[in-house]
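The residues making up each chain are set out below.
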Amino acid sequence: MTTGLDGGIRPAAAHFAADPAAAPASWGPSLSPSGDTIAYVSDRSGEPRLWTSSVDGGNPVLIETGPEPVEQVRWSPSGEWIAVLIAPGGSDRTEIWVIRPDGSDLHQIGGFGRTNGWFGHWSHDGASLAVAEADAIGWSAAHLIDPSTGRRVTVGEADLRAALDVSRDGSLALVRCGPRSARWLEVVQVESGEARRLYPGDGEGSTDLGRFSGDVVYVRTDVGRSLPALVAVGLGGGSRVVASRDDAELEYFSLSEDGTLAALLWNVFGGRSEVTLLDLVSGEQRNITDLPGDVVSHLSLAGDASTLALTAEGPSLPPTIWTVEVASGAAKPVTHPPLLPAASIAPELHRFTAHDGLSLSGWLYPAGSAPGPTVVHFHGGPEAQERPVYNPLFRELVSRGISVFAPNVRGSSGFGRAFVNADNLARRHDGIEDVRSCARYLLDAGIAEPGRLGVFGRSYGGYLTLVALTWFPDLFAVGVDTCGMSDLQTFYERTEPWVAAAAVSKYGHPEDDRDLLRNLSPIHRIDRLKAPLLVVHGTNDTNVPLYEAEQAVAALEARNAPVQYLRFEDEGHVLLKKPNRVVYVHMVSDFLSAHL
């Protein structure tokens with residue numbers, strides 16, 4: 001069966017309003033320079049849009065940026081502009097627009113045509129925005145763009161260049177270089193274009209975030225370390241570790257415009273978040289002890305360091321915008337979380353051992369007494385991480401009596417540099433073997449019932465779903481592949497060039513490693529797949545192109561295998577439209593329930 005959805009299908013209004021899958025989400029806050037107003041992304045109107053409100057949540061205003069979904073917003077330090085990242089058709093190619101806070105003077109400054117654009121930070125005076133662009137043949141460039149005129153100064157041209165920040169006097173740009181897991185930073189003289197490598201000088205690891213602060217650049221790096229930490233690198237030379245932990249990765253950091261305070265976001269082993277405030281003058285660090293959710297993202301500090309804005313979520317809390325008073329640590333919501341009709345769910349962290357002795361972990365969402373019907377969910381990335389976030393599909397399955405196990409197999413982030421790189425290239429065979437280790441753990445522990453174990457996932461998780469059903473066909477009774485790669489060779493041929501260039505360090509080179517890519521591709525074992533399979537994909541997906549779904553469906557239909565196909569005509573790699581997500585949650589749940 002093949003079903004196409006064009007976004008015109010809507011559930012009944014009453015059902016839509018009460019459905020946890022339709023709960024409004026808000027994320028990506030950016031504070032105004034005065035700290036009394038906040039810009040953010042919310043899908044409360046059905047699709048992700050730019051909203052502003054006072055920091056106490058009053059007077060929310062929809063700022064009209066056109067019909068396309070909004071992914072990210074960033075208020076300029078001058079207060080004159082809000083930068084907006086827009087995804088036409090929900091695709092992975094994004095455009096950079098700017099708009100006045102009152103909704104006037106909307107215009108595009110980057111990501112024209114087939115070029116993909118994304119932005120870093122504003123200059124201190126708001127006169128330029130740090131931008132990265134990649135064209136249709138994979139060539140990347142880093143720019144500083146004037147929001148008023150669109151005039152651009154190029155500060156780096158080569159594969160995988162991205163401008164991150166501008167020094168306070170505007171004379172220097174900070175540029176990120178290199179592929180996933182092996183990035184470094186360069187400082188570029190804006191006037192002359194002269195560049196020098198800032199960090200690291202050498203050594204394994206990656207440095208992927210950085211901000212100027214006077215004559216220092218603060219960077220997130222795991223070079224010479226097992227876990228990412230905050231390091232201060234002097235523009236004149238020398239470096240020192242400013243903040244590090246033995247039980248957590250530094251996930252992100254935000255600096256106040258006055259350079260006195262840093263907010264540090266820590267990913268503690270397992271996946272829960274902690275936030276600390278670091279006084280950059282005294283070196284004193286203190287915890288924010290009253291976080292409103294298990295997982296935090298998108299930190300934004302007010303210019304005067306008085307207020308911290310963030311996104312918080314948890315298994316029973318959809319993504320919600322909060323502010324934290326820096327002096328007291330008190331948190332209050334900007335967007336108020338909805339009352340959910342279903343009971344709260346509390347995932348349990350489980351630890352188990354892989355075939356080669358490597359320690360693995362995962363979150364179990366139990367649905368009653370074990371053993372019983374269970375599904376394993378694999379995340380994307382592969383460097384992403386299963387964390388206790390809001391997942392309406394998990395909630396729906398648990399409500400139907402199906403337990404969900406969400407593991408972090410090797411290659412996941414959150415557990416250090418060695419773990420995230422443990423599935424690179426030929427070591428992906430060990431990552432595939434982790435799939436079997438997950439199933440064996442659930443069966444041996446009496447959590448899952450033999451013959452009633454399913455598997456599903458999105459993106460790389462969709463790939464692992466196809467792997468599970470073709471490598472280990474006797475272990476799984478049903479599967480759902482959402483936007484997964486079925487053939488790594490055709491993925492390289494059709495994905496965006498910048499996606500392919502960044503993926504080489506993970507999967508292998510499309511020419512030099514052809515045999516490896518073929519051996520790792522489920523399409524070449526598709527005759528072994530016997531469990532019922534639902535394939536889901538967005539027509540506008542340019543990350544994992546639609547061809548990956550269609551060739552798998554065609555191969556299975558040619559063998560009269562039990563396959564169904566759900567295609568969203570107005571979505572890309574991520575389902576951005578709330579009505580489509582409602583359809584997805586219920587169709588996937590119906591499919592898994594029918595076979596478990």
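Residues numbered from 1 in each chain as written. Predicted model: local features only at pLDDT ≥ 70, side-chain atom pairs only at ≥ 80, totals over all residues. Heavy atoms only, no water.

A. Region of the structure containing the pattern of salt bridges. Counted by the stated rule, this structure contains 28 salt bridges. In this structure, Asp474 and Lys530 form a salt bridge, with 2.6 Å as the shortest nitrogen-oxygen distance. Of the two residues, Asp474 sits in the loop between helix H5 (460-471) and strand E35 (478-482) while Lys530 sits in the loop between helix H8 (514-519) and strand E36 (533-538), which places them 56 residues apart along the sequence. Salt bridges linked by common partners bring Glu47, Arg49, Asp570 and Lys577 together as one network. (Salt bridge = Lys/Arg side-chain N within 4 Å of Asp/Glu carboxyl O. Helix = DSSP H or I, 4+ residues; strand = E, 2+ residues; numbered from the N terminus.)

B. The sheet that holds strand E11 (residues 129-134), seen in detail. Pairing is antiparallel across the open sheet formed by 4 strands, whose spatial order is E10-E11-E12-E13. Each having just a single partner strand, strand E10 (116-122) and strand E13 (152-157) make up the two edges of the open sheet. Averaged over all pairs of adjacent strands, the angle between their axes in this sheet comes to 25°, without regard to strand direction. With 5 bridges joining them, E10 and E11 adopt antiparallel strand pairing. Residue pairing for E11: Trp122 is matched across the bridge by Leu129. (Pairing = 2+ DSSP bridges. Axes fitted to C-alpha atoms, helices over the stretch in contact; angles between N-to-C directions.)

C. Representation of the side chain of Ser521. Inspection of the secondary structure puts Ser521 in the loop between H8 and E36. You can call Ser521 buried: its relative accessible area is 0%. Among all residues touching Ser521, those that are not within four sequence positions of it are Trp471, Ser486, Asp487, Leu488 and Gln489. (Buried < 20%, exposed > 50% of the residue type's maximum accessible area, 1.4 Å probe, protein only. Contact = heavy atoms within 4.5 Å.)

D. Quick peek at the sheet that holds strand E29 (residues 331-333). Pairing in this open sheet of 4 strands is antiparallel, and the strands run E26-E27-E28-E29 from one edge to the other. The sheet is open, and its two borders are formed by strand E26 (295-301) and E29, each paired with just one other strand. If you compare each strand with its neighbour and ignore which way they point, the axes differ by 30° on average. Both strand E28 (residues 317-325) and E29 contribute to a ladder of 3 bridges, which runs antiparallel. Note on E29: the bridge partner recorded for Trp322 is Pro333.

E. The pairing of strand E34 (residues 448-458), seen in detail. Pairing analysis gives 6 bridges linking strand E32 (residues 372-378) to E34, with the strands arranged parallel. Paired with Val376 across the two strands is Val455, which belongs to E34. Taken together, the 5 bridges between E34 and E35 define a ladder with parallel strand orientation. Each bridged residue has a counterpart across the sheet, and for Val455 the counterpart in E35 is Gly479. Handedness of the β-α-β unit built from E34, H5 and E35 comes out right-handed. (Right-handed = clockwise from strand over helix to strand, strands pointing away.)

F. Spotlight on the packing of helix H4 (residues 428-444) against H5. Closest axis-to-axis distance for the H4/H5 pair is 10 Å, and the angle between their directions is 70°. Viewed along their axes, H4 and H5 adopt a mutual orientation that is roughly perpendicular. Contacts between H4 and H5 involve Arg428, Ile432 and Val435 on the former and, on the latter, Tyr460, Tyr463, Leu464, Val467, Ala468 and Trp471. Residues that form the contact of H4 with H5 fall into these classes: 8 nonpolar, no polar and 1 charged. (Parallel < 35°, antiparallel > 145°, perpendicular 65-115°, else oblique. Nonpolar A, V, L, I, M, F, W, Y, C, P; charged D, E, K, R; others polar.)

G. Layout of helix H2 (residues 392-399). For H2, the tally of buried residues reaches 7 of 8 residues, placing the bulk of the element in the interior. All buried positions along H2 are accounted for by Pro392, Leu393, Phe394, Arg395, Glu396, Leu397 and Val398. One side-chain oxygen at the N-terminal end of H2 lies 3.0 Å from the backbone nitrogen of Leu393; it belongs to Asn391. Positive phi shows up at Gly401, right after H2, with a value of about 85°. (Polar contact = N/O pair within 3.5 Å; in protein donor to acceptor, adjacent residues only side chain to side chain.)

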